[in-house]
Amino acid sequence: MGLIMSSVFPTIILPFFMLTMILIQMVGGEICEEKTTRSMEIIISNVSPKQHLMSKILASNIFVILQGVLLVVYTVIGFLISTNMLSNGLALPSDVTSIFDSLVAAGFIEKLVYVIPLTLILIVLSFLAYSIVAGILASMTVNMEDFSQLQTPLVFISLGGYYLAMMAGMFNGSILIRILSYVPFLSSFVSPSLYMMGEIGIVDIIISIVVLILFIYLILHFGIRVYKVGILKCQSFVSSRSNWR
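One structure accompanies this document, and this report is about it.

**Observations concerning the packing of helix H7 (residues 152-166) against helix H9 (residues 187-196)**
Next up, step 1: Interhelical geometry of H7 versus H9 gives an angle of 5 degrees and a closest axis separation of 8 Å. When the interaxial angle is binned, H7 and H9 end up roughly parallel. Contacts from Ser 158, Gly 161, Tyr 162, Leu 164 and Ala 165 of H7 reach H9 at Phe 189, Val 190 and Ser 193.
Next up, step 2: Counted by class, the contact of H7 with H9 contains five nonpolar, three polar and no charged residues.

This is the structure:
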């Protein structure tokens, strides 16, 4: 299991972590760029702040999900190429073969049937949660420097989830790591790792999904008010600064 956690999981979790960072930068960067120019006045005069936020979230999530799909496609192409190499009499390195044998012996392949769909749901919901929070934080800033400071907690939380997923086996089934598997932003990293090690079950992953859905509903319900006020304050600030100049 230590071999699995140190070799297989980083190759799965690292792309998710990188896509999360790209998503935060895209949503926050676009909103900040529109706020620092006169384009936000035109946009808000034609659509509501809620529609504006949802459009940013939808466009950014579609882009990030497509990038993830492309990574999977490239992986499949690489696997097909290696299979063709095997048919031509070329063998894979012994390290790769031993890792695959360890996965089969540990029952990893059988668990993939259940963990892959649930993990994909957690990933998509986590993308939504990160993008919503990034958009709300961006609405409270007036330039990119302010947003860079506000997005730091999101980056640290995501980075903490990445390291917790890799070091989950070191906790030896403690209550703390199990509680962290229910926490939004961390559940998408920690829950699949704990499930593969047999420390939690399918029910626990479903609980993590339900908690994440409730969290998204709450931040949308209350965060849209903050977003609306932040956009309007930005417009008054930009207008007053332009008049002063």
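**Some points on the environment of Leu 71**
Next up, step 1: By secondary structure assignment, the location of Leu 71 is in helix H3 (residues 49-87).
Next up, step 2: Given a relative accessible area of 39%, Leu 71 falls into the partly exposed group.
Next up, step 3: Expressed as a C-alpha distance, the spacing of Leu 71 and Pro 15, which sit 56 residues apart in the sequence, is 8.4 Å.

**Quick notes on the pattern of salt bridges**
Next up, step 1: As enumerated under the stated definition, the model contains three salt bridges in all.
Next up, step 2: Ionic pairing is found between Glu 30 and Lys 56, a salt bridge with its closest N-O pair at 3.5 Å. Here the residue Glu 30 occupies a position in helix H1 (residues 2-35), and Lys 56 occupies one in helix H3, the gap between them amounting to 26 residues.
Next up, step 3: Residue classification places Glu 30 among the partly exposed residues on the basis of a relative accessible area of 31%.
Next up, step 4: Close ionic contact of Lys 56 with Glu 34 constitutes a salt bridge, the shortest N to O distance being 2.6 Å. Pair noted here: Lys 56 is in helix H3 and Glu 34 is in helix H1, with a separation of 22 residues, a long-range link.
Next up, step 5: One salt-bridge network, held together by shared partners, links Glu 30, Glu 34 and Lys 56.

**Notes on H9**
Next up, step 1: In terms of residue burial, H9 counts as a mostly covered element, since 10 of its 10 residues are buried.
Next up, step 2: Along H9, the residues that are buried comprise Ser 187, Ser 188, Phe 189, Val 190, Ser 191, Pro 192, Ser 193, Leu 194, Tyr 195 and Met 196.
Next up, step 3: Immediately beyond the C-terminal end of H9, within one or two residues, lies Gly 198, with a positive phi of roughly 80 degrees.

Criteria and cut-off values
- Residues numbered from 1 in each chain as written.
- Predicted model: local features only at pLDDT ≥ 70, side-chain atom pairs only at ≥ 80, totals over all residues.
- Heavy atoms only, no water.
- Axes fitted to C-alpha atoms, helices over the stretch in contact; angles between N-to-C directions.
- Helix = DSSP H or I, 4+ residues; strand = E, 2+ residues; numbered from the N terminus.
- Parallel < 35°, antiparallel > 145°, perpendicular 65-115°, else oblique.
- Contact = heavy atoms within 4.5 Å.
- Nonpolar A, V, L, I, M, F, W, Y, C, P; charged D, E, K, R; others polar.
- Buried < 20%, exposed > 50% of the residue type's maximum accessible area, 1.4 Å probe, protein only.
- Salt bridge = Lys/Arg side-chain N within 4 Å of Asp/Glu carboxyl O.

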